[in-house]
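A closer look at the structure
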Amino acid sequence: AVFNTRAGLRTFVTTAYDYAINLLREQSDASRAETADLFGLKMPRWQVWDEIHTHTVWTAGQVVANFRKNGMAPPAFTFF
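Residues numbered from 1 in each chain as written. Predicted model: local features only at pLDDT ≥ 70, side-chain atom pairs only at ≥ 80, totals over all residues. Heavy atoms only, no water.

Of note in the backbone geometry, Phe39 takes a positive phi value of approximately 55 degrees without being a glycine. Note on placement: Phe39 falls in the loop between β1 (35-38) and β2 (41-44). (Helix = DSSP H or I, 4+ residues; strand = E, 2+ residues; numbered from the N terminus.)

Counted at 1.5 Å a residue, the expected span for helix α1 (residues 6-26) with its 21 residues is 30 Å, and the 30 Å between its end C-alpha atoms agrees. The set of residues buried in α1 consists of Gly8, Leu9 and Ala20. The buried residues of α1 occupy an angular sector of 110 degrees when the element is viewed end-on, so they sit on one face. Opposite the buried face of α1, by more than 90 degrees, sit the exposed residues Ala7, Arg10, Arg25 and Glu26. (Expected span 1.5 Å × (residues − 1). Buried < 20%, exposed > 50% of the residue type's maximum accessible area, 1.4 Å probe, protein only. Arc of directions from axis to C-beta.)

Structure (structure tokens):
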């Protein structure tokens, strides 16, 4: 049901970003420098956040395409 309405989708995305922002705020500099495993690739934790951001930017177009495919106007894009 969350993905069937514009308001539901906005709530889902906002909740996901708020969760990520809180994780970043609570993470220490030492923790960001630690090595993490992202799908089998070893990298610093800060780079994982960069990869997630890049993935989000590149896949945002799919959200727009799916909205249009279903006859809906895509959500407005704003920086947070």
